[in-house]
Amino acid sequence: MSARELRILAVDDERSQLQDLARLLRASPIVDQVQCAGDGRDALVRASAEPFDAIFLDVRMPDLDGVELSRVLRRFASPPQLVFVTAHEDAAVEAFELHALDYILKPVGRARLEEALQRVSSALAAETSGGAAARPSNAEPDVFAAANVRSGSTRLIQRGSILYLRSYGDFVRIVTADGRYLLRSTLTDLEHRWEQFGFVRVHRQYLANLHQAIELRPAFGGTAELVFPGALTIPVARRHVADLGRRLAA
């Protein structure tokens, strides 16, 4: 792998230790980008929003700990490499059962961290050139985390279960058959990233999953409505009607 290539997410609920870990990671010549998350739920949301080559995470964290987070991450279509960075020795067996690449005990030294980064780099190179299928650097997770609108809890959502999305400024409201959820993103960003999965802009405020649509109904003035299971409907702007009709008929 070429120099300064790795995209890393560092996760620790202790702010000073998170800052120290991020500083050491950024000092490595093979690390290009480091983002930080202060707890497991924040890490899950970030990992859902964009791909990382590796996640360096603590074991003991409130709410969603490192082991629980790792189990969820392993369900991603293209899971990141996992490196545990912790003061606790008792989770090592669980970590390696989850196929973690390394288990670093605090306090973290620069040489030890660089060794772990080299393992990450080697593992990614093996995926690309070895017998295992290569992992695309821009792979989209098929499971991601979003906030439940009513309870505020975090929910894992399968992308294919989404009926449609509606723009709310810097957030997008996700509608599935069983609930409403919020994701920090923009409709334009998701339109570009999810077009390959059948998501199409039908209105300036709506992005529809055509795999879930069941009917296109004509409406007043040349507009239309797109119908989903449960009799849910969204408006279709006049300029999108003809193209959408062709897509649904194909």
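You'll find the structure just up there.
Residues numbered from 1 in each chain as written. Predicted model: local features only at pLDDT ≥ 70, side-chain atom pairs only at ≥ 80, totals over all residues. Heavy atoms only, no water.

K.L.:
Describe the pairing of strand S11 (residues 199-203), listing the residues and the values that go with them.
P.N.:
Burial runs high along S11: 5 of the 5 residues are buried. For S11 and strand S12 (residues 206-209), the ladder comprises 4 bridges, and the chain directions are antiparallel. In the strand pairing of S12, Arg201 is matched with Leu207. Hairpin connection of S11 to S12: 2 residues between the antiparallel strands. (Buried < 20%, exposed > 50% of the residue type's maximum accessible area, 1.4 Å probe, protein only. Helix = DSSP H or I, 4+ residues; strand = E, 2+ residues; numbered from the N terminus. Pairing = 2+ DSSP bridges.)

K.L.:
Go over the sheet that holds strand S15 (residues 232-236) with me, naming the residues and quoting the values.
P.N.:
Taking strand neighbours across the sheet as the criterion, the 3 strands line up as S13-S14-S15 in an open arrangement whose pairing is antiparallel. Each having just a single partner strand, strand S13 (215-218) and S15 make up the two edges of the open sheet. Strand-to-strand twist in this sheet, taken as the mean axis angle between neighbours without regard to direction, amounts to 30 degrees. Both S13 and strand S14 (residues 224-228) contribute to a ladder of 4 bridges, which runs antiparallel. Bridge assignment links Leu216 to a residue of S14, and that residue is Leu226. (Axes fitted to C-alpha atoms, helices over the stretch in contact; angles between N-to-C directions.)

K.L.:
Please give an account of the side chain of Ser185 that cites residues and values.
P.N.:
Take Ser185: it is sitting in the loop between strand S10 (179-184) and helix H6 (187-194). A polar atom in the side chain of Ser185 sits 3.4 Å from the side chain of Asp189. When sequence neighbours within four positions are dropped, the list of residues in contact with Ser185 reads Gly169, Asp170, Phe171, Val172, Leu190 and Arg193. (Polar contact = N/O pair within 3.5 Å; in protein donor to acceptor, adjacent residues only side chain to side chain. Contact = heavy atoms within 4.5 Å.)

K.L.:
Hey, could you go over the sheet that holds strand S4 (residues 81-86) for me, with residue numbers and the actual values?
P.N.:
In space, the 5 strands of this open sheet follow the order S2-S1-S3-S4-S5, with parallel pairing throughout. Whereas interior strands pair on both sides, the edge strands pair on one side only; in this sheet they are strand S2 (31-37) and strand S5 (102-105). Sheet twist, expressed as the average angle between the axes of neighbouring strands with direction ignored, equals 20 degrees. Alignment of strand S1 (residues 6-11) against S2, held across 6 bridges, turns out to be parallel. Across the sheet, residue Ala10 finds its bridge partner in S2, namely Cys36. Strand contacts of helix H1 (residues 15-26): S1, S2 and strand S3 (54-57), with the helix running at about 170 degrees to S2, the strand carrying the most contacts. Along the sheet, helix H3 (residues 66-73) contacts S3 and S4; its crossing angle with S4, the most-contacted strand, is approximately 175 degrees.

K.L.:
Explain unusual backbone geometry to me, and be specific about the residues and the numbers.
P.N.:
The general pattern is negative phi for most residues beyond glycine and trans for most peptide bonds. The amide bond that connects Lys106 to the next residue, Pro107, takes the cis arrangement and shows omega of -5 degrees. Mapped onto the secondary structure, Pro107 falls in the loop between S5 and helix H5 (110-129). Even without being glycine, Ala231 reaches a positive phi, approximately 65 degrees. By the element assignment, Ala231 lies in the loop between S14 and S15. Note on Ala231: relative accessible area 65%, which makes it exposed.

K.L.:
How would you explain the pairing of S14 if you had to name every residue and give the values?
P.N.:
Burial analysis of S14 places 4 of its 5 residues in the buried class, the great majority of the element. Counting the residues that bridge the hairpin from S13 to S14 gives 5 residues, and of these Gly221 lies at a positive phi of roughly 70 degrees. Judged from the 5 bridges that link them, S14 and S15 form a sheet pairing that is antiparallel. Bridged to Phe228 within S15 is Leu232. The antiparallel pairing of S14 with S15 creates a hairpin that spans 3 residues between the two strands, and Gly230 there sits at a positive phi of about 80 degrees.

K.L.:
Which residues make up helix H2 (residues 40-49), and what values go with them?
P.N.:
Listed as buried for H2 are Gly40, Ala43, Leu44, Ala47 and Ser48. For H2, the arc enclosing every buried residue in end-on projection is 130 degrees, short of the 170-degree limit, so these residues lie on one face. (Arc of directions from axis to C-beta.)

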